[in-house]
Amino acid sequence: MLDEMQPTEFSQINIAYNRVFRPGRLSVGLVLPLETYAVGAEPTLRGHLEAAQKAEELGFAALWLRDVPFNVPSFGDPGQIFDPFVYLGALATATERIALGTASVILPLRHPAHVAKAAATADVLSGGRLLLGVASGDRPQEYPATNQSYDDRGGRFRDSVDYIRAVGSAYPKHENAQGKLRGGIDLLPKPHGTRLPMLITGGSQQSPDWVARNGDGWMTYPRTAAAQGQVIADYRRRVKAAGQADKPVMQSLYVDLVVDPAAPPRPIHLGFQSGADFLRSYLREIETLGVNHVALNLRFNQAPIDTTLEHLAHSVLPGFS
């Protein structure tokens, strides 16, 4: 039960943000592509729009796209291959209700004017269903390809966040290393809601206080229950100390769901293999720790994806908003 003093909703930003994130509640989304592919392999993306539509039909809260500009073989994962903003446009027309998120756009590799325009376009085309996760990037090999330096990406990340915020207003006046806006030009379209909801990924080369102050929420990684509870509590203390209203927290999770509901957990990369019973108990635990959304990644799932989506929808989703 929610504490009587806890707010019943976070700030109202757009349709996706308002639906996906609720204080004291956990919603469940999926990371695209919805298919299994091995380390070092490329996904086929066969039937990818149909899979997204099935996820929406089954009641998942959000679909998440990663931004992987270049395939770096040593990382063993090319992501969903498509440019995330072009893909968001396709998903906006193929779906009607499900939230569409980036997890996350690598800001130091893109000019923030292009990010802001593409993100606002996706938000408008989808009717306010965009969630903009942003990050500083962790693949050093990508930076020389765009004539960018890696070690100072944190400064460009901060400037990009400020720039994207600035161009959400009409005829903005703003100046930093990313460009000068004198108030005589405007960037269109404007977001569907009050602004683009930006979620900061991890530390993004920033101080914890900056992350707490400047994002509309925080995107983090799975940890032990004790550690996760501590970092979430610390994040929310910093938000409160900055004089701001509470903000949501979301995390990713790799899952390999097996048929036997009572199957015990076995560790896999950034997640676990288990039956539905353990997965439900895990999700309930992180809900009590303050996680408001989990993005399930089925890349290492061994059962057919369609079967697993049905399994999750009937065995796991009913317990969560």
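Below is a summary of the structure that appears in this document. Here the structure is a predicted model, which is why all the values come from computation and not from measurement. (Residues numbered from 1 in each chain as written. Predicted model: local features only at pLDDT ≥ 70, side-chain atom pairs only at ≥ 80, totals over all residues. Heavy atoms only, no water.)

Relative to the elements of secondary structure, D138 occurs in the loop between β4 (130-135) and α5 (142-145). Note on D138: relative accessible area 52%, which makes it exposed. Considering only alpha carbons, one finds D138 and I106, 32 residues apart in sequence, at a separation of 8.9 Å. With residues up to four places along the chain from it excluded, the contact list for D138 reads F75 and Y150. (Helix = DSSP H or I, 4+ residues; strand = E, 2+ residues; numbered from the N terminus. Buried < 20%, exposed > 50% of the residue type's maximum accessible area, 1.4 Å probe, protein only. Contact = heavy atoms within 4.5 Å.)

The next subject is the nonpolar core. Generally speaking, nonpolar side chains in soluble globular proteins are found buried as a group. Core analysis: the largest hydrophobic core is formed by 67 residues, its most contacted members being L30, F60, L132, L279 and L283. Discounting residues that sit within four places of it in the chain, L132 has contacts with F85, T102, V105, A119, L196, P197, M198 and L199. Counting residues in hydrophobic clusters, the runner-up holds 16 residues, among them V20, F21, L131 and L199. (Core = buried A, V, L, I, M, F, W, Y, C linked by side-chain atoms within 4.5 Å.)

This part covers helix α6 (residues 153-166). Its 14 residues place the ends of α6 20 Å apart at the C-alpha level, agreeing with the 20 Å of an ideal helix rising 1.5 Å per residue. Within α6, the full set of buried residues consists of R153, G154, R156, F157, S160, V161, Y163, I164 and A166. (Expected span 1.5 Å × (residues − 1).)

Right, let's talk about helix α9 (residues 276-289) for a bit. The end-to-end C-alpha distance of α9 is 20 Å, a good match for the 20 Å that 14 residues give at a rise of 1.5 Å each. For α9, the complete set of buried residues consists of A276, L279, Y282, L283, I286 and E287. Along the long axis of α9, the arc covered by the buried residues comes to 140 degrees, so they all point the same way. The positive-phi residue at the C-terminal boundary of α9 is G290, with phi of around 110 degrees. (Arc of directions from axis to C-beta.)

Opposite charge on two side chains permits them to pair, given that their charged atoms come into close proximity. Under the defined criterion, the tally for this structure stands at 18 salt bridges. Of the charged contacts in the structure, one is a salt bridge between R238 and D209, with a shortest N-O distance of 2.7 Å. Of this pair, R238 sits in helix α8 (residues 225-241) while D209 is found in helix α7 (residues 208-214), placing the two residues 29 residues apart along the sequence. Take R238: its relative accessible area is 27%, and that puts it in the partly exposed class. Each of D209, D234, R237 and R238 takes part in a single network of salt bridges with overlapping partners. (Salt bridge = Lys/Arg side-chain N within 4 Å of Asp/Glu carboxyl O.)

Looking now at unusual backbone geometry. Geometrically, the link from L32 to P33 is a cis peptide bond, its omega value of 5 degrees lying close to zero. The step from L188 to P189 runs through a cis peptide bond, and the omega angle for that step is 0 degrees. Checked against the element boundaries, P189 lands in the loop between β6 (179-182) and β7 (198-201). Positioned with a positive phi, I81 is a non-glycine residue whose angle comes to about 75 degrees. With respect to the helices, strands and loops of the structure, I81 is situated in the loop between β2 (62-65) and α3 (84-94). Positioned with a positive phi, Q205 is a non-glycine residue whose angle comes to about 65 degrees. By the secondary structure assignment, Q205 is in the loop between β7 and α7.

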